[in-house]
Amino acid sequence: MQHTRITWYLLAVLATLTTPALADERVQRTISVSGEGHAAAPPDMATIQTGVVTQAEKAHDALEANNAAMEGIMTALKSQKIKAKDIQTSSFDVRPEYKRGPRGQQQPEIVGYRVTNQVQIRVHNLPDLGAVLDAVIAAGSNQISGIRFAIDDPTGSLNQARSRAISDAQSRAELYAQAAGVRVGQVITIREQSVEVPRPQHVGYGIAAKASSTVPIATGEQQLRATVHMVFALKDKD
């Protein structure tokens, strides 16, 4: 019985001594890095905010004049092969105009009415953009708030940025591992941190730009960005 107790005691001591060592061997060494990738793509569509502002002593007259001008703009857009689904009213406003005093202060007397009707137009064929602008101005548009360029479907360019972000993370992991005297093993986790698709770029456009020739438009490029976070296993060098 005494011999059995000593044997169990020795086994318990050995287990206590060896367990931490075994636990250390099971701890997986890892490296955690982030990667960033970029991709550039030209915009393939544009959005125009355009419309008509009319004024008259009577609200009815201002509204009739505005309606007539807007009908002309719609006809011009149809002639430019802009689809109905790409034309949307963005604002419509009828408000009184008040008499102004000698110092510009507003008086309680109504002297007329102002009607504003604006539409948003999407142009999917950018080479036609200059001709569309010329057409709406010629048809009577006296208000263009600007042009916004965008990428209709950024999926392809965004995936390219993601792929480059992965490559960037792998390169960083290998650089750190080499400096530490180890090598990179298998990928443990991949997590997308963020993606950035550029907001539509606003380009100012004044009515004074009306000319007999098509308005020249420079679309430039848009930058897309993706960042990822990756965790790799580390191994000893062979």
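Structure shown above.
Residues numbered from 1 in each chain as written. Predicted model: local features only at pLDDT ≥ 70, side-chain atom pairs only at ≥ 80, totals over all residues. Heavy atoms only, no water.

Trainee: How would you explain the pairing of strand β1 (residues 30–41) if you had to name every residue and give the values?
Mentor: Of the two faces of β1, only one is covered, namely that formed by Ile31, Val33, Gly35, Gly37, Ala39 and Ala41; the face formed by Thr30, Ser32, Ser34, Glu36, His38 and Ala40 stays uncovered. Bridging between β1 and strand β8 (residues 222–236) involves 12 bridges; their strand directions are antiparallel. What sits directly across from Ala41, in β8, is Gln222. (Buried < 20%, exposed > 50% of the residue type's maximum accessible area, 1.4 Å probe, protein only. Helix = DSSP H or I, 4+ residues; strand = E, 2+ residues; numbered from the N terminus. Pairing = 2+ DSSP bridges.)

Trainee: Break down the pattern of salt bridges for me, with residues and values.
Mentor: All chains considered together, the criterion is met by seven salt bridges. For the salt bridge of Asp93 with Arg95, the shortest nitrogen-to-oxygen distance reads 2.7 Å. Residue class for Asp93 comes out partly exposed when judged on its relative accessible area of 27%. Each of Glu36, Glu196 and Arg225 takes part in a single network of salt bridges with overlapping partners. (Salt bridge = Lys/Arg side-chain N within 4 Å of Asp/Glu carboxyl O.)

Trainee: Which residues make up the nonpolar core, and what values go with them?
Mentor: Membership of the largest hydrophobic core comes to 21 residues, with the highest contact counts inside it found for Ile48, Leu77, Ile82, Ile121, Val123, Leu129 and Val136. Where this core is concerned, the elements lending two or more residues are β2 (45–56), α2 (59–79), β4 (106–123), α3 (129–138) and β5 (143–150). Sort the elements by how many residues they give to this core and α3 lands first, with five residues. Beyond its immediate sequence surroundings of up to four residues, Leu77 is in contact with Ile82, Ile87, Ile121, Val132 and Val136. Ranked by size, the runner-up nonpolar core spans 11 residues in total, among them Val33, Ala165, Ala173 and Val228. (Core = buried A, V, L, I, M, F, W, Y, C linked by side-chain atoms within 4.5 Å. Contact = heavy atoms within 4.5 Å.)

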